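# Reading the structure
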Amino acid sequence: MDLQIAHASIELLPRAPVRLHVGTGHRMTGISGSTWLTIDGDPRDIILEPGDTHAFDQPGHVLVQALGGNALLTAEDGVVLQSDLRRGRGGHTTGRP
């Protein structure tokens, strides 16, 4: 099951990646800790520190993971949380559907 989120806080744990689907213009902002983002088919690795925001320039699947300790980020504008990587591990999500 996938869950579409209008706005959510996502708590990430080390070594527990979370897969998301994003659209053009969707944004993620680092709140605490360091977060690593990698986008399928995109050679860039993106690191979000607290206060950093990344706006996606094309739709696609994104893998996010905390670097070091726990991390917290916000996801906005209809990001879809995909459940395949979240079974039994991963982050905790709160938000408005």
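In every chain, residue numbers begin from 1 and rise along the written sequence. In keeping with the predicted nature of the model, local features appear solely for residues at pLDDT of at least 70, side-chain atom pairs appear and are counted solely at 80 or more, and the whole-chain, interface and lining totals rest on all residues. Hydrogens and water molecules were not included; the side-chain quantities draw on all heavy atoms of the structure.

## Observations regarding unusual backbone geometry
Within the chain, Arg 15 stands out as a residue other than glycine whose phi angle is a positive 60 degrees. A run of H or I in DSSP counts as a helix once it spans at least four residues, and a run of E counts as a strand once it spans at least two, with each numbered from the N terminus. Inspection of the secondary structure assignment puts Arg 15 in the loop between strand S1 (2–12) and strand S2 (18–22).

## Some details on the pairing of strand S4 (residues 45–48)
We call a residue buried when its accessible area falls under 20% of the maximum for its residue type, exposed when it is over 50%, and partly exposed in between, using a 1.4 Å probe and counting protein chains only. The two faces of S4 differ: Ile 46 and Leu 48 on one face are buried, but Asp 45 and Ile 47 on the other face are not. DSSP bridges decide pairing: two strands pair if at least two such bridges lie between them. Relative to S4, strand S3 (residues 27–39) runs antiparallel, the two being bridged by four bridges. Its bridge partner being in S4, Thr 35 is matched across the sheet by Leu 48.

## Describing the nonpolar core
Ranked by size, the top nonpolar core spans 17 residues in total, and within it Leu 12, Met 28, Leu 37, Phe 56, Val 62 and Val 64 carry the most contacts. Residue assignment for this core shows that the elements contributing at least two residues are S1, S2, S3, S4 and strand S6 (60–82). Considering every element that reaches this core, the biggest residue donor is S6, with six residues. What we call a nonpolar core is a set of buried Ala, Val, Leu, Ile, Met, Phe, Trp, Tyr and Cys residues that are connected through their side-chain atoms within 4.5 Å.

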